[in-house]
Amino acid sequence: MTPPIVLSIGGSVLANEPLTPDPFQTLAEHLDNAHEDPLALVTGGGHAARSYIQTARELGLDETGLDEVGITLTRANAYLLIAAFGNDAYPRPAETFHEAAHALRSYPRVCMGGTHPGHTTDAVGAMLAERTGAKRLIIVTNVDGVYTADPNEDPKATRLDEVTHTELVRLAGDAREAGSTTIVDPLAAQILQRSNMPGAVVSGNDLDNLANAVNDEAFTGTRIEPHAKES
Ligand code: UTP
């Protein structure tokens, strides 16, 4: 099997309020034109997930239950991306890594949402990349890379063109709440580190730039370097 490229696509890139087909359609068309390797795509929950989680929290649901609500919405978004890819896509969101890996043998596009409580779809993307021996993981989000601090809170924050796995783990910190919004999930960073998986963090606003990251060409964003370059 040709190793896939895994994309973890933040829900905010695809599913805002109001929900429309355009972001799904445009992303699918762009990836089809730009790339021929098999692609495994993990979709985030976006606005709807945050809204459902917030409402369920106000109703008193426990954290694991809130995560399960989030997972349901990430799978709903996976269905929309499957619809956008048409016949090239495995026809339902894979629910396990095993199912996704198996589906990649027959379909050039396999989509999935979340898997288990306690992490976000970026961690799912990292595990899927590890499980499928992917070439790299591309984290597609609504900011243009990893910053030294949260740019919304610290005006001196600067974007890092490259990070090692160790730096990424440190910057990811330790957020664990349902609906948490750190730039990279701490578990995702740890999985990438242990599997020495190359990757990138890139904005979903510029699809040509995103295609460059997918194709391992020069791009604007943050490149995640394997350990070999750390010494
Ligand atoms: P997301 O991956 O969308 O989280 O999952 P996010 O960081 O809010 O990303 P954006 O906003 O889409 O960019 C939404 C929520 O679903 C639950 C978590 O509560 C997460 O915050 N979830 C998701 C899980 O518990 N497990 C999973 O495997 C995936």
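To be clear, the structure that these remarks concern was listed above.
Quick notes on the rules
Residues numbered from 1 in each chain as written. Predicted model: local features only at pLDDT ≥ 70, side-chain atom pairs only at ≥ 80, totals over all residues. Heavy atoms only, no water. Helix = DSSP H or I, 4+ residues; strand = E, 2+ residues; numbered from the N terminus. Rg over C-alpha atoms; globule rule 2.2 N^0.38 Å. Buried < 20%, exposed > 50% of the residue type's maximum accessible area, 1.4 Å probe, protein only. Contact = heavy atoms within 4.5 Å. Phe/Tyr/Trp six-rings, centres within 6.5 Å; stacked < 30°, edge-to-face > 60°. Core = buried A, V, L, I, M, F, W, Y, C linked by side-chain atoms within 4.5 Å. Polar contact = N/O pair within 3.5 Å; in protein donor to acceptor, adjacent residues only side chain to side chain. Lys, Arg positive; Asp, Glu negative; His and termini not counted. Salt bridge = Lys/Arg side-chain N within 4 Å of Asp/Glu carboxyl O. Axes fitted to C-alpha atoms, helices over the stretch in contact; angles between N-to-C directions. Parallel < 35°, antiparallel > 145°, perpendicular 65-115°, else oblique. Left-handed = near helix turned anticlockwise from the far one by under 90°. Nonpolar A, V, L, I, M, F, W, Y, C, P; charged D, E, K, R; others polar. Pairing = 2+ DSSP bridges.

When you look at the overall build of the chain in this model, what are you seeing that I'm missing?
In terms of regular secondary structure, the chain is built from 9 helices and 7 strands. Relative to the globule expectation of 17 Å for 231 residues, the C-alpha radius of gyration of the chain, 16 Å, shows essentially globular dimensions. Overall, the chain is about 45 × 40 × 30 Å in size when its C-alpha atoms are taken along their principal axes. Scored against the burial criterion, the 231 residues of the chain give a buried share of 49%. Look at the contacts in the chain between residues 6 or more apart in sequence, and 68% of them connect residues 24 or more apart.

Mind showing me how you'd approach the packing of aromatic side chains here?
Geometrically, a pair of aromatic rings is defined through the distance of the ring centres and the angle of the planes. Evaluation of the coordinates by the stated rule reveals 1 aromatic pair. With a centroid separation of 5.6 Å and 65° between ring planes, the pair formed by Y90 and Y107 is classed as edge-to-face. Taken together, the residues span a long stretch of sequence, with Y90 in the loop between α4 (63-85) and α5 (97-103) and Y107 in the loop between α5 and β3 (109-112) at a distance of 17 residues. For Y90, a relative accessible area of 17% gives the class buried.

What am I meant to see in the nonpolar core here?
For soluble globular proteins, nonpolar side chains are generally found buried alongside one another. Of all hydrophobic cores here, the largest spans 33 residues; its most connected members are M112, L128 and L168. Counting residues per element, the ones that place at least two in this core are β2 (39-43), α5, β3, α6 (121-131), β4 (137-141), α7 (165-172) and α8 (186-195). Ignoring anything within four residues of it in the chain, the contact list for L128 reads V6, A40, V42, F97, A100 and M112. Membership of the second largest hydrophobic core comes to 28 residues, among which are L31, L41, A78 and A213.

Explain the side chain of T132 to me, please; I cannot follow it from the model alone.
Mapped onto the elements of the fold, T132 is located in the loop between α6 and β4. Accessibility expressed as a relative area gives 9% for T132, which makes it buried. Within the local environment of T132, its side chain forms a polar contact with the backbone oxygen of L128, the two atoms lying 2.7 Å apart. Beyond its immediate chain neighbours, meaning those up to four positions away, T132 contacts M1, P4, V6, A101 and L104.

It is not clear to me how the side chain of R136 should be interpreted in this structure. Could you clarify?
Turning to its location among the elements, R136 is positioned in the loop between α6 and β4. For R136, which is buried and forms no salt bridge, the nearest opposite charge comes from D216, at a distance of 4.3 Å. If we skip the residues at most four places from it in the chain, R136 touches P4, I5, V6, M197, P198, G199, A213, V214, N215 and D216.

I tried to follow the packing of α7 against α8 on my own but got confused; where do I start?
The geometry of α7 relative to α8 is characterised by a closest axis approach of 8 Å and an angle of 165° between their N-to-C directions. With respect to α8, the axis of α7 lies roughly antiparallel. Considering only the axes of α7 and α8, their crossing is left-handed. Taking contact as the criterion, the partners of H165, T166, L168, V169 and A172 in α7 are, on α8, P186, A189, Q190, L192 and Q193. Considered class by class, the residues forming the contact of α7 with α8 number 6 nonpolar, 4 polar and no charged.

Is there a simple way to think about the sheet that holds strand β6 (residues 199-203) in this case?
Each strand in a sheet pairs with its neighbour through backbone hydrogen bonds, running either in the same direction (parallel) or in the opposite one (antiparallel). Strand order across the open sheet formed by 7 strands is β3-β2-β1-β4-β6-β7-β5, with mixed pairing between neighbours. The open sheet is flanked by β3 and β5 (162-164), the only strands paired with a single partner. For this sheet, the mean inter-axis angle between neighbouring strands, taken without regard to orientation, is 20°. Inspection of the sheet shows β4 paired to β6 by 5 bridges, in the parallel sense. Paired with L137 across the two strands is G199, which belongs to β6. Here α6 sits on the sheet and contacts β1 (5-9), β2, β3 and β4; the angle it forms with β2, its principal contact strand, is near 160°. Each of β5 and β7 (222-225) touches α7; the most contacted strand, β5, lies at about 90° to it.

Whenever I open this one, the pairing of β3 confuses me. Can you help?
The side chains of a regular strand alternate, residue by residue, between the two faces of the sheet. Residues R109 and C111 point to one face of β3 and V110 and M112 to the other, with burial holding for every one of them. Where β2 and β3 come together, 4 bridges link them in parallel fashion. Note that in β3 the partner of L39 across the bridge is R109.

So yeah, pure geometry; function would need other evidence.
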